[in-house]
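Listed below, chain by chain, are the residues.
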Amino acid sequence: MVTRPAQPDAQGQKTQIHGVDALTVVPRRNYAIWIGTVVVLVLAALILKAFASNPAFAWGTAWGYMFHPSILRGLGNTLLLTVLIMSAATLIGTAVAIMRVSPSPILRTFAGVYVWFFRGVPSLIQLIFWFNLSLLVREVSLNLPVFGEVFSVRTNDFMTPFFSAVVALALCEAGYMAEIIRAGIKSVPSGQAEAARALGMPYRKILRQIILPQAMRFVVPPTGNEAINLLKMTSLVTFIAVDDLFYSAQSIYARTFETIPLLIVVAVWYLAVVSIMSVGQFYIERYFGRSDSGHEPEALLSIVSRGLFLGRKKERDNV
Amino acid sequence: MSEARKMNADRFGVPAESMIFARNVRKTFGALEVLKGVDLDVPKGSVACIIGPSGSGKSTFLRCMNHLEKLTGGIILVDGDFVGYDLVGDKLYELRENQLCRRRAEIGMLFQSFNLFSHMTVMENLIQAPVQVRGTHVEQAKEEAAALLARVGLSDKEAAYPRQLSGGQQQRVAIARALAMKPKVLLFDEPTSALDPELVGEVLGAMRDLAESGMTMVVVTHEIAFAREIGDQLVFMDQGQIVERGNPREMINDPQSPRTREFLSRVL
Ligand SMILES: Nc1ncnc2c1ncn2[C@@H]1O[C@H](COP(=O)(O)OP(=O)(O)OP(=O)(O)O)[C@@H](O)[C@H]1O
Ligand SMILES: [Mg+2]
């Protein structure tokens, strides 16, 4: 039965049709989703059961190591490495990206070669290369014609494993960040810079205040990806004996042979950090997208809870 | 009058009340000759309207006036000064960036696509250049901005982002943003051609108010009726040259050149 909408009568007043406001929507039944849900739940139960009942996983042992001092120290180093490398990579990457869009062909070429090289060579090889720099360059010194030798240090004295890890991975990561930031800069309509130029703003300010802030909306999501990738990539430093999370776990299970429980500890810690980073990314994205939407931003919790209930909303206008 | 201005005036014969003085302006992009020797005089306080078919070089000419494009040949003086150069003897020395910016800041420009800074609120758009370029105090800049918003009838939109405004409102904010720099002259590049027909009127209204307040304006437009009503002179450009110029009423009623006649018959 179809109810015709209320027609305005001659006086322009709506005639009331009984019961219009009492209509309710019955959601469409989607059997494929139901079947899929059942299959997933059964699989999840089976997997959980396998994990929980298999004694090899030794959950008790894993829990015992969760806050072990050397694990926590390793976790601290992993976080410190990630933060240092990501900050340095963002700074270098921004500089390289700005060179890549500059009017000077020499700067553009330099930046292009940088990205080509540091993205192209495997990060593990770069890491071991920097660690072994002292083989190549025994000492770094600065000699000025008049003043003579200003300073001189032996490479081995400052190329500690930790420092070479930061340098190697930051240079490598900067290659990826440069491309992300360049894409962000390119995504800002050219009219924005033109209007700023017409207002008399110098290039430096146009870049900092007009272009980069707008590029951020496009830069943040892939940067979150990069940061998470980097967090896990820092486990490569195990190769040059930096005691990060993974290295600490390794050195424990090398003695005790409790390999699986310690890998669980490591995995749980990585998952925990990644979860926190994802929440941070959510808020940063919302901050830089604030000029986009006309309404108040939705809170994280309400988005999560909506996701849990398969995104179904009761109101009709959101169907 | 400054020393440089007097020297320029004597040397090139710039009239006393000249705001824009363009002689034999040429511009090429690679092999493409876009402006082929254009002359223009815009006295202070007057409105010049430029019309012409697409690709005739109107935008390029306008962009040359505030040195967004460098000239290939000829000169443009704004209020008696070169915008991008200092003339010493027979040499034009390119200005350093901060000097160029200072001169450019005195020439306002409005665009077809408004180009409001999309990550800033209306108020932030208005105070950005005064604070960053002129070093105006933030509080004072805000006060002046509020007055300008009232002038274009948008006092209630201070906190809105550009995306939340209609096209007509955005263009009026853009006008207020340009005025915030207290420019000597305003350049308009088809300010209404991206607007829905019912929004054109509000922007033309704001421009009419400006013209009546004595602002010098150069307007590239397709609104012939507006040019006839507001313009002190009308310029018809075609293929990089000025084909005809004169009093807007006379020119629109009785165009002398067949190309002008043909163009007007198409747009009217
Ligand atoms: N940066 C540039 N590089 C190369 N060619 C250009 C550039 N800018 C403009 N042109 C060319 O110069 C010619 C004139 O362009 P211009 O934008 O000045 O025309 P217009 O009269 O403003 O046209 P419209 O009414 O379509 O805006 C066109 O052929 C255009 O392709
Ligand atoms: Mg144009």
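Residue numbers here run from 1 along each chain, matching the order of that chain's written sequence. Here every chain gets a letter starting at A, and every ligand a number starting at 1, in the order they are written. Two thresholds apply to this predicted model, a pLDDT of at least 70 for residue-level local features and 80 or more for giving and counting side-chain atom pairs, whereas whole-chain, interface and lining totals are computed over all residues. Hydrogens and water molecules were not included; the side-chain quantities draw on all heavy atoms of the structure.

Remarks on the nonpolar core
Residues and elements named next belong to chain B. Counting 82 residues, the largest nonpolar core has Ile-20, Phe-61, Met-65 and Ile-76 as its most contacted members. Leave out the neighbours within four places in its chain, and Met-65 touches Ile-20, Leu-40, Ile-76, Val-78, Val-83, Ile-107, Leu-187 and Val-218. By size, the runner-up hydrophobic cluster in this structure holds 49 residues, among which are Val-47, Leu-116, Ala-160 and Met-207. To define a nonpolar core, start from buried Ala, Val, Leu, Ile, Met, Phe, Trp, Tyr and Cys residues and group those joined through side-chain atoms within 4.5 Å. In this scheme, a residue with accessible area under 20% of its type's maximum is buried, one over 50% is exposed, and one in between is partly exposed, where area comes from a 1.4 Å probe on protein chains only. The contact criterion used is simple: two residues touch if any of their non-hydrogen atoms lie within 4.5 Å.

Side note on the interface of chain A and chain B
Where interface size is given, it is often the accessible area lost as the parts come together that is meant. Opposite the 22 residues of chain A that make contact, chain B presents 25 residues. For the pair chain A and chain B, the summed buried surface comes to about 2200 Å²; carbon and sulfur atoms form 52% of the total. The term salt bridge refers to a pairing of a side-chain nitrogen on Lys or Arg with a carboxyl oxygen on Asp or Glu at a separation within 4 Å. In this assembly, chain A and chain B are joined by one salt bridge. With a shortest N-O distance of 2.5 Å, Glu-194 of chain A and Arg-63 of chain B are connected by a salt bridge. Any pair of N or O atoms that falls within 3.5 Å is considered a polar contact. Within protein, one atom must be able to donate a hydrogen and the other to accept it, and sequence-neighbouring residues count only if both atoms are side-chain atoms. Counting the contacts that link chain A with chain B gives 13 residue pairs in polar contact (both at pLDDT 80 or more). Counting only elements with at least two residues in the side of chain A that touches chain B, the list comes to helix 9 (190-198) and helix 10 (203-233) of chain A. Class assignment for the residues of the side of chain A that touches chain B results in nine nonpolar, eight polar and five charged. The quantity reported as buried area is the accessible area (1.4 Å probe) lost by two parts once they are put together, taken as the sum for both. Secondary structure elements follow DSSP: runs of H or I of four or more residues count as helices, runs of E of two or more count as strands, with numbering from the N terminus. Throughout this entry, Asp, Glu, Lys and Arg are counted as charged residues, while Ala, Val, Leu, Ile, Met, Phe, Trp, Tyr, Cys and Pro are counted as nonpolar. The remaining residues, Gly among them, count as polar.

Section: the packing of helix 8 (residues 161-186) of chain A against helix 10 of chain A
Each pair of packed helices can be described by the angle between their axes along with the distance between the axes. All names here are of chain A. The contact between helix 8 and helix 10 brings their axes to 8 Å, and the two run at 150°. It follows that helix 8 is roughly antiparallel to helix 10 by the angle criterion. Like other packed secondary-structure pairs, helix 8 and helix 10 cross with a definite hand, here right-handed. Residues Leu-169, Glu-173, Tyr-176, Met-177, Ile-180, Ile-181, Gly-184 and Ile-185 of helix 8 pack against Ile-211, Leu-212, Ala-215, Phe-218, Val-219, Pro-222, Thr-223, Glu-226, Leu-230 and Met-233 of helix 10. Its residues placed into classes, the contact of helix 8 with helix 10 shows 14 nonpolar, two polar and two charged. All axes are obtained by fitting lines to C-alpha atoms, using only the stretch in contact for helices, and the reported angles, taken between N-to-C directions, cover 0 to 180 degrees. Just so you know how the angles are binned, under 35 degrees is roughly parallel, over 145 roughly antiparallel, 65 to 115 roughly perpendicular, and the rest oblique. If you view the pair so one helix is near and one far, a crossing is left-handed when the near helix is turned anticlockwise from the far one by less than a right angle, and right-handed when it is turned clockwise.

Notes on the confidence of the model for chain B
The predictor attaches a confidence to each residue, called pLDDT, with possible values from 0 through 100. Looking at chain B, pLDDT values average 94 and 100% of them are 70 or higher. For this predicted complex, the interface confidence reaches an ipTM of 0.94, while the overall pTM sits at 0.83.

Focus: the sheet that holds strand 5 (residues 81-82) of chain B
Residues and elements named next belong to chain B. Here the rule is simple: two strands pair whenever DSSP picks up at least two bridges between them. Across the sheet, four strands lie side by side as 2-1-4-5; this open sheet has antiparallel pairing. Pairing within the sheet leaves two strands with one partner each, and these edge strands are strand 2 (32-43) and strand 5. Pairing of strand 1 (residues 18-29) with strand 4 (residues 73-78), which is carried by five bridges, proceeds in the antiparallel orientation. Each bridged residue has a counterpart across the sheet, and for Ile-20 the counterpart in strand 4 is Val-78. Contacts from helix 2 (residues 58-65) reach strand 1, strand 2 and strand 4 within the one sheet, and its direction differs from that of strand 2 by about 60°.

Some details on helix 4 (residues 122-134) of chain B
Multiplying 1.5 Å by the residue count of a helix minus one yields the expected span of that helix. Taking 1.5 Å of rise per residue, the 13 residues of helix 4 of chain B would be expected to cover 18 Å, and the 19 Å separating its terminal C-alpha atoms lies within 8% of that figure. Bend at a given residue is defined as the angle between two axes, one fitted to the seven residues that end at that position and one fitted to the seven that begin there. When the local axis directions of helix 4 of chain B are compared, the greatest deviation, roughly 30°, occurs at Gln-128 of chain B, which is followed within four positions by the proline Pro-130 of chain B. Among all positions in helix 4 of chain B, only Val-122, Met-123, Asn-125, Leu-126, Ile-127, Gln-128, Ala-129 and Pro-130 of chain B are buried. Those residues of helix 4 of chain B that are buried are in contact with helix 10 of chain A together with helix 5 (138-151) and helix 6 (167-179) of chain B. Of the residues flanking the end of helix 4 of chain B, it is Gly-135 of chain B, one or two places downstream, whose phi is positive at about 75°.

Quick look at the site of ligand 1
Residue and element names in this part refer to chain B. As a matter of local geometry, ligand 1 sits amid Phe-29, Leu-32, Val-34, Pro-53, Ser-54, Gly-55, Ser-56, Gly-57, Lys-58, Ser-59, Thr-60 and Glu-190. In this structure, Thr-60 approaches ligand 1 through a side-chain N or O atom, which is 2.5 Å from an oxygen atom. A distance of 3.1 Å separates an oxygen atom of ligand 1 from a polar side-chain atom of Glu-190. Only strand 2 and helix 2 provide two or more residues apiece to the shell around ligand 1. Sort the elements by how many residues they give to the shell around ligand 1 and helix 2 lands first, with three residues. Residues that form the shell around ligand 1 fall into these classes: four nonpolar, six polar and two charged. For this purpose, a residue is taken to be near a molecule or strand whenever a single non-hydrogen atom of the residue falls within 4 Å of it.

What to know about the UniProt feature "domain: ABC transporter" (unreviewed entry) in chain B
UniProt positions are given in the numbering used here, feature names are shortened, and annotations may be inferred rather than shown by experiment. Taking the UniProt record as the reference, the feature "domain: ABC transporter" (unreviewed entry) is found at residues 20-264 of chain B. For the annotated span residues 20-264 of chain B, helix accounts for 38% and strand for 28% of the residues, and the straight-line distance between the end C-alpha atoms is 26 Å.

As for the sheet that holds strand 3 (residues 47-51) of chain B
All names here are of chain B. In spatial order, the strands read 8-9-10-3-11-12; together these six strands make up an open sheet with mixed pairing. In the strand order of this sheet, the two ends are held by strand 8 (107-110) and strand 12 (241-246), each with one partner. Across this sheet, the average inter-strand angle for adjacent strands is 15°, counted without regard to direction. Sheet topology note: the strand 9 (residues 185-189)/strand 10 (residues 216-220) ladder contains five bridges and is parallel. Bridging across to strand 10, Phe-188 finds its partner in Val-219.

Side note on the packing of aromatic side chains
Each Phe, Tyr or Trp ring (for Trp, its six-membered ring) is paired with any other whose centre lies within 6.5 Å, and the angle between the two planes then decides the class: stacked below 30 degrees, edge-to-face above 60, tilted in between. Taken as a whole and assessed by the stated rule, the structure comprises ten aromatic pairs over all chains. Between Tyr-287 of chain A and Phe-288 of chain A, the aromatic rings sit 5.0 Å apart at their centres with planes inclined by 85°, giving edge-to-face as the arrangement. Residue Tyr-287 of chain A is classed as partly exposed on the basis of its relative accessible area of 48%. Seen in terms of ring centroids, Phe-12 of chain B and Phe-82 of chain B are 6.1 Å apart; in terms of plane orientation they differ by 80°. Their pairing is edge-to-face. Highlighted residues: Phe-12 of chain B in helix 1 (residues 3-12) and Phe-82 of chain B in strand 5, separated in sequence by 70 residues.

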